[in-house]
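Architecture and fold: a report
Residue-level listing of the chains:
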Amino acid sequence: MASTSTANDDPERESEESESALETARRQLRRAATLLDVDENIVERLAHPKAVHEVTVPVERDDGTVDVFTGYRAQHDSVRGPFKGGLRYHPDVTRDECVGLGMWMTWKCAVMDLPFGGAKGGVAVDPKSLSDAETERLTRRFAGELRDVIGPNTDIPAPDMGTTPQTMAWLMDAYSMQEGETTPGVVTGKPPVVGGSEGRDAAPGRSVALVTREAVEYYGDDLAGTTVAIQGFGSVGANAARLLDDWGADVVAVSDVNGGIYDSDGLDTHAIPTHDEEPEAVLGHDAPATVTNDELLELDVDVLVPAAVGNVLTAANAGDVSADLVVEGANGPTTSGASEVFAEREIPVVPDILANAGGVTVSYFEWLQDINRRKWSLERVHEELDAEMQSAWRRVREEFEARDVTWREAAYVVALSRVAEAHATRGLWP
Ligand code: NAD
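How each quantity is defined
Residues numbered from 1 in each chain as written. Predicted model: local features only at pLDDT ≥ 70, side-chain atom pairs only at ≥ 80, totals over all residues. Heavy atoms only, no water. Helix = DSSP H or I, 4+ residues; strand = E, 2+ residues; numbered from the N terminus. Rg over C-alpha atoms; globule rule 2.2 N^0.38 Å. Buried < 20%, exposed > 50% of the residue type's maximum accessible area, 1.4 Å probe, protein only. Contact = heavy atoms within 4.5 Å. Areas by Shrake-Rupley, 256 points an atom, 1.4 Å probe, with all protein chains shown as cover. Lys, Arg positive; Asp, Glu negative; His and termini not counted. Charge placed at Lys NZ, Arg CZ, Asp CG, Glu CD. Expected span 1.5 Å × (residues − 1). Near = heavy atom within 4 Å. Polar contact = N/O pair within 3.5 Å; in protein donor to acceptor, adjacent residues only side chain to side chain. Nonpolar A, V, L, I, M, F, W, Y, C, P; charged D, E, K, R; others polar. Core = buried A, V, L, I, M, F, W, Y, C linked by side-chain atoms within 4.5 Å. Domains from an automatic or database assignment.

Here we take up the overall build of the protein. Secondary structure summary: the protein contains 14 helices and 12 strands in total. Its C-alpha radius of gyration of 21 Å places the protein within 12% of the 22 Å reference for a compact globule of 430 residues. Seen along its three principal axes, the alpha-carbon backbone of the protein occupies a region of about 60 × 55 × 45 Å. By residue count, 56% of the 430 residues in the protein fall in the buried class. Across the protein, every contact between residues at least 6 apart in sequence was considered, and the portion connecting residues at least 24 apart equals 69%. Just so you have it, the protein exposes about 17700 Å², and 46% of that area is on carbon and sulfur atoms. With 37 positive and 76 negative side-chain charges, the protein shows a spacing of 9 Å between the two charge centroids.

The end-to-end C-alpha separation of helix 12 (residues 358-372) is 21 Å, in line with the 21 Å expected for 15 residues at 1.5 Å each. Counting buried positions over the 15 residues of helix 12 gives 13, a clear majority of the element. Looking one or two residues beyond helix 12, the residue adopting positive phi is Arg-373, at roughly 50°.

On to the site of the ligand, then. Around the ligand sit 20 residues, and of these Phe-233, Ser-235, Val-236, Val-257 and Glu-280 come closest. Taking Glu-280, its side chain carries an N or O atom lying 2.6 Å from an oxygen atom of the ligand. Relative to its unbound accessible surface of 830 Å², the ligand loses 76% to contact with the protein. Each residue belonging to the shell around the ligand can be placed in one class, and the counts come to 8 nonpolar, 9 polar and 3 charged.

Further remarks concern helix 4 (residues 95-111). Taking 1.5 Å as the rise per residue, helix 4 with 17 residues should run 24 Å; its terminal C-alpha atoms sit 25 Å apart, in good agreement. Most of helix 4 is tucked away, with 14 of its 17 residues classed as buried. Where helix 4 terminates, the next one or two residues include Asp-113, which has phi positive at roughly 60°.

Grouped together as the largest cluster of nonpolar side chains are 90 residues, with contacts concentrated most on Trp-107, Ile-230, Val-254, Val-350, Leu-354 and Leu-416. Residue contributions to this core peak at 11 residues, all from helix 14 (residues 407-426). In this structure, this core is formed jointly by two domains, domain 1 (6-35 + 201-356 + 381-430) and domain 2 (50-194), each of which donates at least three residues. Once residues lying within four places of it in the same chain are set aside, the contact partners of Val-350 are Val-211, Ala-215, Leu-325, Val-326, Val-327, Glu-328, Ala-355, Trp-393 and Trp-407. Counting residues in each nonpolar core, the second largest holds 22 residues, with Val-57, Phe-69, Tyr-89 and Met-168 among its members.

Coordinates in, geometry out; function isn't part of it.
Right, here's the structure in full:
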């Protein structure tokens, strides 16, 4: 598809490229509100978090010294159920980032019609600078500081950047020790041996693949032979790549942080080590050509799946994207400026809050299994996830077809109308 945009010349768009997650989230909320008949007081309330907890987390290092870190839990909205969202360990974690990401979780849970609200939290720390023992001490202390604000019926954390199923196991153990009873439902994304769900790790990638298939078919093509480029070969990217490959798509390019590989005949995605199997090993795999991460985004493919980090599609490069369809695997890979360019160029972008929502959906299944003390088989998880994704896709498609809007706006209409209606029905108290 030819590039038709001159978005780079627009200074207003350029200034948006550095926008924070909170600015993007607020902009998207206000845009969605213009499409609906929603009480503006409810919209104003939803532009703010219900609460943000900031805690101090002192950690004894292995050499006996003590370092003090700052942790956050931003709870955006709980009108439809307990707060739900990840905890990340990353040096750039800030209060505002947690609020913005928490707001996205509210919409993600609402678009999937899960009985959860949205939250996000984390500790501003470089996890690579911590030994396993230090990470465990940090996690247990953080769990202690958050004890009064999390719980299986109030706020249920999950893994995110820099945290793992093991982190969730420590958090669950620390919380359970303080409660005096084993409480697996306080976190999701745990190892299955302590109440985690089968299929949780692969779920966001699975939902990306399912939604990609639906979108390709919606635009009148067959997944078999569809060419796909995927940025990021971690949990989301690699699982999506392998499923799409299994279903007949030609995954012609994949990348990790160091760059990517390209084969116009399609790569053998099962032979390329994922981030989990061997970190940053994509370039070590034999392929006819290599590409940089920037080049991968501009490849002439049918489908582009950014599945690594946020803000990679900007007003500066959206005009050069050649894919006919973008499916967001990562959270927030497209800036507001890039979204406008894609809308002008009529390149559909299936948004993150729908495409990668398989993760939080299987987290919901995990929570159900924990509170019912009843384990589901992997087959059941897949069956129920596929059904939930189909149902959310159909609901968003209805709005997409009924209104002259983008896929992102259609998803926000579905989510915001559910959340706003719940607020209107419950009322403002006192
Ligand atoms: P991951 O750590 O498993 O893998 C990330 C991959 O991206 C790795 O291959 C890494 O090398 C690559 N990468 C890192 N920085 C990069 C860069 N600057 N350019 C190109 N590639 C880069 O992470 P993940 O769990 O797959 O998460 C990827 C994205 O999906 C994130 O935005 C995350 O928030 C989002 N997401 C994850 C989940 C989940 O449960 N894992 C759920 C929903 C959304």
